[in-house]
Every structure is written in structure tokens, then in C-alpha cells.
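# Fold and geometry: a report
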Amino acid sequence: MPLHEGATLGLLMNTKGLVEMIVLNVGKDQKVFDDESFAIMVVITVIMTAIIVPAISIIYRPSRRSIYYKRRTVQISKPDAEFRVLVCVHSPRNVPTMINLLEASNPTKKSPICVYVLHLVELSGRTSAMLIVHNTAKPDHTALNRTEAQSDHIISAFQNYEQHASFVSVQPLTAISPYSTMHEDICNLAEEKRVSLIIVPFHKQQTVDGEMEATNMAFRDRGLSGSSRMASNQASHHVAVLFFGGPDDREALCYGWRMLEHSGINLTVMRFVPGEQVCEPMKQHDMNSDEPTVLTVQTEKDLQRQLDEKLIHEFRIRNGDDDSVDYVEKVVSNGEETVAAIRTMDDIHDLFIVGRGQGMISPLTAGLTDWSECPEIGAIGDLFSIFRFCSNSFCVGSATICWDRVI
């Protein structure tokens, strides 16, 4: 247990309340304490109770954990460190795509992949949620219901992947909770295991007429979703990264960069550059805000632009002579031109990696969010969910939270 948590627990155990006051009064009535001892004990109880709350608020701050956790990104992770991934699975149908995505993430001896497989099950017939840690060393048992049968099937598939893959370790778990709070289980487990990437299957599927239908477990797979595991000597797969700028896009590029080290991956990076006729989107100005706030926003935009240029420059320097890398820049001025540029991409790409762009207001995607059916995956991610010009897409969200959408 960390020192600050141990100190917090010790303070809480020394908290005095109504029961202690009753005990002191009983002791006084039974002549166990004289008046002086009783007064001293009461004063000590009041002082202890008064200092515990502010002391705990100083020592124990759960929000600090989320601040440190923001540093656990693909971009900041060391190339020779273990790469931890949390894979969330609704049904066995999600498994083949997840396994191939993990294999494309290039586990190596220097950077092995530790996979936490979380089977998400809706709570029914129970009064409280629970998290089950499966012991893979125990012999197989007969499943008692459909949920257990699905969990066994999922665990067996990932165990088989672990046995045949190199430098991959798998730890299966099952989370049984209501859909309304299931995201809390995912976030808490990710924080506890210190993972750098969370993969969650998309919660909607495309129907025959092209509409998006809400579902809790359905995928429509193609490309990387083959049932056979992608091997290093297999025919190459083509991955595309769409780069607009910002933290999410930098994370997407770094994840594609990691995939590039796999011998079977060809990477295309398409960067969208604002044209001369680009118009900044209008923002609502708060009457109570002052000028320094506007200056701060502009400074943040300049900082993000510098970070984008630095990463792109480093990527091009290191991969300039690599035949498996194709870097393309598209000059666009609005959302319509952006969509047209994306449509010009070849149909050979098996996987698209895009940033969610949370908190980023880009004129290059202006107007695309006005008719978004899935705003939770961003403007560009929504394009891949409603148009049929791509096979798979993987939307990278802020820092560590990711959405996986396979079309």
C-alpha cells in the first residue's frame, strides 16, 4: 500500500464519533473516569475529529492519479518498455478483429504487449456489479449458462493467441455491471493496470439500408477481421493515418508508427494542411471573459501546432527512406474539400486510424459535425461510420481512451 494511502487509512481509523462519546459518558457514570480525565478525553476526541478531514484532504487526492495517468500515452511510452493494452469484448464476434489489431501492434522482445481482456456482460439477476479475474491455470469447467460459455470461448481464443504469438501475455477478466456504469469499470481497470491503450468495440452497427443501429455487441467486419491470425510472413496490410493536428492525431500517428515496425504493414500518412482560403470557425464570446483568456487560447493553438510540426518532422526524418511508408499532404480549406480528399484514397487500405479531435475546433472539418450520427467518435470517425468507402477504422480518443469501429 502506498504511504499516503496508509496514512489516510490510519487517520480514518482514529476518527472519533458518537459511539466514542457514549462510551466516555458510560465510563464517567460508572466512575471509571473522574471529571478531569473525562474532560481531557472529550477534548482529544473533538480535536482528532476536527483535524482528520483537512488532513485527509491534503494527503489523499484521488484526482492526482488521473493527472499522472495522462502521461501514459503511446507517444510518450518508451520503445523498450512493456506496452499494456486493455481489450474490451462484448461477444466472441469481436475477438478476431481484436487479435489481428493486437498482432499489428507489433509485439517484440524489447517491447512486449501485455493484454488485459475484459469481457463486458450486462448485469441481470444480481444486486451488485462484480469483476471476475479468471485463473487460466485451472482446468476447464462446464459452462452453466450462455454468459459463461461466451466467456470461456473468448478466453480460449485469446489463450490460443498467446500460445502461438511471441512476446504477448494475456490476462482475462469479466466485468458484470449495468451498461450505464460499465464505462466506470473500464476506466478504473485501465487506471489500476496502467494501460496505455484501451480498445472498445463500437456500440452501433450498419444496417442493410445504411442506417446506424444501436447494438450492444455487433460488428460488421472486413479486412483485419479475418478469422486467421495475421502472421509476419503474410501478405502486407495497408494502414492509413489521417492527420489534422492536435493531441489525438499525434497519438494516432504514433500508434501507426508502432505498427510500421511490423514487417507486414505498409503505412500511409495523409496530412491535411489549411489552404489560403481557410476560414476560422466563429466562436461564441463570453461577455464575462477578459482578453487574457483569448490570448491563452491562441497560445495553446500555437503550442499544439509546434508539437504537430515537431512530430511530423521526426517521423519523416526517420522514415524518409522506408519504401513501406507513403507521406502525402493535402491542402484543403473546408469540410467539403476534406471529404473529397479522403475519397481519393485507394481502396487497398485495410485500416484507417483517425484522431477523435476532442476539444479541437478545426476549419478543415467545419460543417461535418452538423449532421453527425456518431459525434462520440469525432467528425472524421463519423464519416467512416456512415460512408462505405473504407474497410476498417480505428478512432483514437484523448490520450488513452480509444474507440474501435470496424465497418
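Description of the structure in this document. (Residues numbered from 1 in each chain as written. Predicted model: local features only at pLDDT ≥ 70, side-chain atom pairs only at ≥ 80, totals over all residues. Heavy atoms only, no water.)

To continue, consider the packing of helix α1 (residues 3-13) against helix α3 (residues 35-59). With their axes 10 Å apart at the nearest point, α1 and α3 run at an angle of 170° to one another. The pairing of α1 with α3 is recorded here as roughly antiparallel in orientation. Mapping the contact onto sequence places H4, A7, T8, L11 and L12 in α1 and I52, A55, I56 and I59 in α3. (Axes fitted to C-alpha atoms, helices over the stretch in contact; angles between N-to-C directions. Helix = DSSP H or I, 4+ residues; strand = E, 2+ residues; numbered from the N terminus. Parallel < 35°, antiparallel > 145°, perpendicular 65-115°, else oblique. Contact = heavy atoms within 4.5 Å.)

A separate point is the sheet that holds strand β2 (residues 113-122). Reading across the sheet, the five strands line up as β3-β4-β2-β1-β5 and stay open at both edges, with mixed pairing between neighbours. Looking at the sheet topology across the chains shown, the edges are occupied by β3 (130-133) and β5 (197-199). Strand-to-strand twist across the sheet, computed as the mean angle between neighbouring axes with direction ignored, equals 20°. Sheet analysis places β3 next to strand β4 (residues 168-177), joined by four bridges and oriented antiparallel. Within β4, the position partnered with I132 by the bridge is T174. Contacts from helix α7 (residues 182-193) reach β1 (83-89), β2, β3, β4 and β5 within the one sheet, and its direction differs from that of β2 by about 160°. (Pairing = 2+ DSSP bridges.)

To continue, consider a nonpolar patch on the surface. Nonpolar side chains collect at one region of the surface, where L18, I22 and V26 lie side by side and expose about 290 Å² of accessible area between them. Its location among the elements puts I22 in helix α2 (residues 18-29). On the basis of relative accessibility, which here comes to 45%, the residue I22 falls in the partly exposed class. (Patch = residues over 30% accessible without salt bridge, like charges linked within 9 Å, V, L, I, M, F, W, Y side chains within 5 Å. Areas by Shrake-Rupley, 256 points an atom, 1.4 Å probe, with all protein chains shown as cover. Salt bridge = Lys/Arg side-chain N within 4 Å of Asp/Glu carboxyl O. Buried < 20%, exposed > 50% of the residue type's maximum accessible area, 1.4 Å probe, protein only.)

Per the stated rule, a full pass over the model turns up six salt bridges. When the shortest N-O distance is used, the salt bridge between D308 and R250 registers 2.7 Å. Of this pair, D308 sits in helix α9 (residues 291-319) while R250 sits in helix α8 (residues 247-260), and the two are 58 residues apart along the sequence. Salt bridges linked by common partners bring R271, E309 and E329 together as one network.

Our focus in this paragraph is the pairing of strand β8 (residues 237-243). Most of β8 is tucked away: six of the seven residues are buried. Of the pairings in the sheet, the one linking β8 to strand β9 (residues 265-274) comprises seven bridges and is parallel in character. Across the sheet, the residue bridging to V239 is L267, located in β9. Between the parallel pair β8 and β9, the chain is carried across by α8, and the sense of this crossover is right-handed. Relative to strand β11 (residues 351-355), β8 runs parallel, the two sharing four bridges. Residue pairing across strands places V239 opposite L351, the latter belonging to β11. (Right-handed = clockwise from strand over helix to strand, strands pointing away.)

Honestly, it's all geometry; don't read function into it.
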